[in-house]
Amino acid sequence: MFKLLVTTLLTLSALYASNSCVKCHEGIEDIRDPHSKMMEEIYKVAEKAGHRGNDCIVCHGGDPTTMVKERAHKGTVAYFLEHEGPKDYYPAPGSSWINQNTCGMCHKEQVNAQMNSLMMTEQGKIQGALWSFGGKVGYDHSVATYATGNPEDPHKRLGSDAYKAYMQELSALEPQAFPGETGELPKAPTAEEIEKDPSLAVYTYLRQECLRCHTGSKGRSKRGDFRGIGCAACHIPYSNSGLYEGGDKQISKNPGHLLVHSIQSSRKAKVKVHEVEYSGVPVETCSTCHNRGKRIGVSYQGLMEMEYDATFDEEGKGQPKLHGKRYLHMQEDIHYKKGMLCQDCHTSNDLHGDGFLSGANLGAVEIECQDCHGTTSKYPWELPLGYSDEFNENAKVGEPRGTVKTVAEYLRKGSVEAAPEGYLLSARGNPLTKAVRKGDKVLMHLASGRDIELTPLKTLKKEKKLSREALAAMDQIKAHTDELECYTCHATWAPQCYGCHVKIDYSGSKQNPDYLEASHDQDIHGTTGGMRSLKEYLVDGEVTETRSFLRWEDPALSQNGEGRISPTIPGCQTTITVIGKEGKALLQNHIFKIPNVEGAGDEGQNAIDMAAVQPHTISKASRSCESCHTSAKALGLGIGGGKLNADPSQDTIVDLMTADGRLLPANVQRQIPRIANLKNDYSRFIDENGTQLQTVGHHWKLSQPLNEEQRSKVDREGMCLSCHKEMPDGDLAVSAMVHAVEMAGIEIDKKEHGGILNKLLRIGAWLQLLVGILIGGYIIYRLFFKRKNPRRWK
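Fair warning: this is a prediction, and the values are worked out from it, not measured in the lab.

Enquirer: Whenever I open this one, the overall build of the protein confuses me. Can you help?
Expert: From N to C terminus, the protein includes 32 helices and 23 strands. Of all intrachain contacts in the protein linking residues separated by at least 6 positions in sequence, the fraction that spans at least 24 positions is 65%. Summed over all atoms, the accessible surface of the protein reaches about 40200 Å², with 55% contributed by carbon and sulfur.

Enquirer: Is there a simple way to think about helix α3 (residues 37–48) in this case?
Expert: One full turn of an α-helix is made of 3.6 residues, so residues set three or four places apart face in the same direction. The end-to-end C-alpha distance of α3, which contains 12 residues, comes to 17 Å, matching closely the 16 Å that a straight helix rising 1.5 Å per residue would cover. Inspection of α3 places Met39, Ile42 and Ala46 among the buried residues, and these make up the whole buried set. Looking straight down α3, one finds its buried side chains confined to an arc of 55°; they lie on one side. The outward face of α3, more than 90 degrees from its buried face, is lined by the exposed residues Lys37 and Lys48. Packing partners of the buried residues in α3 comprise α4 (57–60). Phi turns positive, to about 85°, at Gly50, one or two residues after α3.

Enquirer: So what exactly am I meant to see when it comes to the sheet that holds strand β11 (residues 451–454) here?
Expert: Strands pair in a sheet through their backbones, by hydrogen bonds, and they do so in one of two ways: parallel or antiparallel. The strand order across the open sheet formed by four strands is β8-β9-β10-β11, and the pairing between neighbours is antiparallel. In this open sheet, the two edge strands, each paired with only one partner strand, are β8 (423–425) and β11. Across the sheet, the mean angle separating the axes of adjacent strands is 40° when strand polarity is ignored.

Enquirer: For this particular structure, what's the right way to read the side chain of Thr568?
Expert: With respect to the helices, strands and loops of the structure, Thr568 is situated in strand β17 (residues 565–570). Among the polar contacts made by the side chain of Thr568, one reaches the side chain of Ser558 at a distance of 2.6 Å. One polar contact links the side chain of Thr568 to the main-chain carbonyl oxygen of Ser566, over a distance of 3.2 Å. Each residue touching Thr568, except ones within four places of it in the same chain, is listed here: Pro555, Ala556, Leu557, Ser558, Met610, Ala611 and Ala612.

Enquirer: Just to check I follow, could you spell out the sheet that holds strand β2 (residues 148–149) for this structure?
Expert: The mixed open sheet is built from three strands, whose spatial order is β1-β3-β2. In this open sheet, the two strands that pair with only one neighbour each are β1 (143–144) and β2. Judged from the two bridges that link them, β1 and strand β3 (residues 181–184) form a sheet pairing that is parallel. Each bridged residue has a counterpart across the sheet, and for Val143 the counterpart in β3 is Gly183.

Enquirer: Sorry if this is basic, but what is going on with the nonpolar core here?
Expert: Generally speaking, soluble globular proteins have nonpolar side chains that are buried together. If you look at the biggest cluster of nonpolar residues, it comprises 30 residues, and the most contacted ones within it are Phe133, Leu185, Tyr205, Leu206 and Ile504. Top contributing element to this core by residue count: helix α12 (residues 201–208), with five residues. Those residues in contact with Leu185, other than ones at most four positions away along the chain, are Ile126, Val143, Ala144, Tyr203, Leu206, Arg207, Leu211 and Leu516. Listed in part, the 18 residues of the second largest apolar core include Met340, Leu446, Ala447 and Ile452.

Enquirer: Where do I start with the packing of aromatic side chains in this structure?
Expert: Applying the stated rule across the entire model yields 10 aromatic pairs. Seen in terms of ring centroids, Tyr379 and Trp381 are 5.0 Å apart; in terms of plane orientation they differ by 10°. Their pairing is stacked. The exposure class of Tyr379 is buried, given its relative accessible area of 3%. Pairwise contacts between aromatic rings join Phe133, Tyr205 and Phe592 into one cluster. Between Arg551 and the ring centre of Trp552, over which it is positioned, the NZ or CZ distance is 5.5 Å. Above the ring of Tyr387, the side-chain terminus of Arg564 is found at 5.0 Å from the ring centroid.

Enquirer: Help me understand the confidence of the model for the protein, please; the structure alone is not making it clear to me.
Expert: When pLDDT is low, close inspection of the predicted coordinates is not appropriate. Mean pLDDT over the protein works out to 89, with 89% of the residues at or above the 70 mark. Below a pLDDT of 50 lies the segment residues 789–794, which in the model reaches three contacts outside its immediate sequence neighbourhood of four places, other chains included.

Enquirer: Would you explain unusual backbone geometry in this entry?
Expert: With the exception of glycine, the majority of residues adopt a negative phi angle, and the majority of peptide bonds are in the trans configuration. A cis amide bond links Ala310 with the next residue in sequence, Thr311, at an omega value of 5°. Relative to the elements of secondary structure, Thr311 occurs in the loop between β6 (303–306) and β7 (326–329). Of note, the phi angle at Glu275 is positive, near 70°, even though the residue is not glycine. Its location among the elements puts Glu275 in the loop between β4 (270–273) and β5 (276–279). With a phi angle near 60°, His616 is a residue other than glycine that sits in the positive phi range.

Enquirer: What exactly am I supposed to notice about the pattern of salt bridges here?
Expert: For side chains of opposite charge, pairing can occur when their charged atoms come near one another. Applying the stated criterion across every chain, the model contains 36 salt bridges. Residue Lys44 is joined to Glu41 by a salt bridge in which the shortest nitrogen-to-oxygen separation is 3.5 Å. Here Lys44 and its partner Glu41 are both found in helix α3, three residues apart, which amounts to about one turn of the helix. Measuring nitrogen to oxygen at the nearest pair gives 2.8 Å for the salt bridge that ties Arg428 to Asp389.

Enquirer: Before we go on, may I ask you to explain a nonpolar patch on the surface in this structure?
Expert: A cluster of nonpolar side chains, contributed by Val771, Ile775, Tyr778, Ile779 and Tyr781, occupies part of the molecular surface with about 480 Å² of accessible area. Mapped onto the elements of the fold, Ile775 is located in helix α32 (residues 750–784). Relative accessible area serves as the criterion here: at 49%, Ile775 is assigned to the partly exposed category.

Conventions and cut-offs
Residues numbered from 1 in each chain as written. Predicted model: local features only at pLDDT ≥ 70, side-chain atom pairs only at ≥ 80, totals over all residues. Heavy atoms only, no water. Helix = DSSP H or I, 4+ residues; strand = E, 2+ residues; numbered from the N terminus. Contact = heavy atoms within 4.5 Å. Areas by Shrake-Rupley, 256 points an atom, 1.4 Å probe, with all protein chains shown as cover. Expected span 1.5 Å × (residues − 1). Buried < 20%, exposed > 50% of the residue type's maximum accessible area, 1.4 Å probe, protein only. Arc of directions from axis to C-beta. Pairing = 2+ DSSP bridges. Axes fitted to C-alpha atoms, helices over the stretch in contact; angles between N-to-C directions. Polar contact = N/O pair within 3.5 Å; in protein donor to acceptor, adjacent residues only side chain to side chain. Core = buried A, V, L, I, M, F, W, Y, C linked by side-chain atoms within 4.5 Å. Phe/Tyr/Trp six-rings, centres within 6.5 Å; stacked < 30°, edge-to-face > 60°. Lys NZ or Arg CZ within 6 Å of the ring centre and 35° of its normal. pLDDT = per-residue confidence, 0-100. Salt bridge = Lys/Arg side-chain N within 4 Å of Asp/Glu carboxyl O. Patch = residues over 30% accessible without salt bridge, like charges linked within 9 Å, V, L, I, M, F, W, Y side chains within 5 Å.

Below is the structure:
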């Protein structure tokens, strides 16, 4: 009887313990489908740990043998202290600081790579801000969110052999952007230190504002900015409101929580929210970070930041702020309209990193438009590796890259059957796991679960589905294909935020959170200070930002780091005001100068920056020929050629005054205080003599304004279009560009074309004179030699 009682109690105890986590968290969603391969692996680990059925502990740790919350949410089972697995209780298992013990059990390479990924180190963002405060580290991307370094073994870089070789070459070519190690960003200065050196305010600016978004931090708790930390930053769904809407009654209903307790990743991972099922990582997840700087996340969705709060809701309230901004709804990117998620183009290496430091976006991103679309003369698999990713001013030539039948083991196992004709390769040589060759077309297996067929340009040309304008632009004018990015024409708008006016105010004991310092304060649970209380991390200063003006149409052009002509928008056009602790400006509307820049003169070059960009606003129709070839703005000369704005280096005073400009009142306030170092409008970055007025890219060696030869080729103002603007309509009509190609068939620059025009004008003048002589001779002939009826000429 006693034995039976003991056996019964032990059995009941085991059954009770096997479900102790979900006893409290009843109704919580499955993290993955119970029948998925991931869950099968989790079940195996739980069984090895001696707690089969309490699978939560494999990721979260904790004590599954108790129903007491404080004990359950503490420590871990003995097995994990000796083997792989959680070393304590982890409320956020995806945290960068402990995920080698959770996600890293199965995804070792990706978790190891994340620590040097650009989304973790933020090197490009940091170098850009330091540049705008006088180039504190010059061109070197040697400062990051934390000190780190590359693995000693270069073979530890993730990717195919071709990719590894490519990246070693690129790293040697651009060493300033591919450092072997980084130091940590200096601490935030005190108000007293700012009095001695106001340029130190850049560290306050970075720590309070710019560095809220890196994967080692959970970010800012504002509408649209809620997200997880580490792996969860992308792989766990959060709504704009940050509210939990699942079935677990224990999870707080206050903002700051996941939408449901499920992992979003590939097309195989199904997430259900209120009976709606989806796959992949929604674009909105990416936009929680990618809404500042180049703004590519929100731009992809067709959202353009605006100052106004229209339109009104049913209660008359204005537009709510999202990411701290209000928006105008523009045209979405065509890939977005097709249902493509960010991960459908961007590879695992793009997102997780390849394990090695890469200082800015062009270093981290391995894909190019031509990887899937090809050109009108070559299919993607016929292009050489490196095409459109040259980091050279000459188009890449070489052997066709081909396709691969199997995906490297580090990306996916057992997928040979999925690609009978082969996976396409990126410009750097890695398999594009969602793009499969299908004859002369490409089948895209999207993360959302959809399959779409893509027709490369060469096939479109064969099938005569390209317009004459498209053929002229992409097929007959070879310079467009070899010297431009595809999106130079096909990005029909781009967000242009001119003049970033930053005020950092240290007066009146002002303080705000240091997000970077909070993220560095991690505990054994993987939580950071920012996840507990930001009030513990207040530092001196308060940052505010505003703009001069916003535009979106017809972005300017410059040469990007890959050596190709690209759309160009304002980068860090930082105009800085620093208010000291006594309330007086230590720097007022100040633009720093970068010394020792070639051609900039003794004063140096203005540190405000224009940046080449892939705007992620692609459309099937391109921007018009005129928007580049007859545009002063496109050349870098500024909106309206820089002739519309008054001199910003002078104060603007508006009050009663005489006709000759003498002020009448004695009590006068400046309407627009001057910006001493700014002699031109923010949109003007080069003048008619070719003098560079502000920096144009500072990450890569080839970043620069259009040079004289390039401007000469682009500028057709008063040339082609002055003659060819009015063309007949109808089937026989051709555009000015098509006509120019058909008539010339060669590239011609402005000087050469000017000479031709001069000859034509002279020929025309002689013809007019000749016609005049003939007409005059005819009249004289009729007057004096054919006067049959004199009265007729009276």
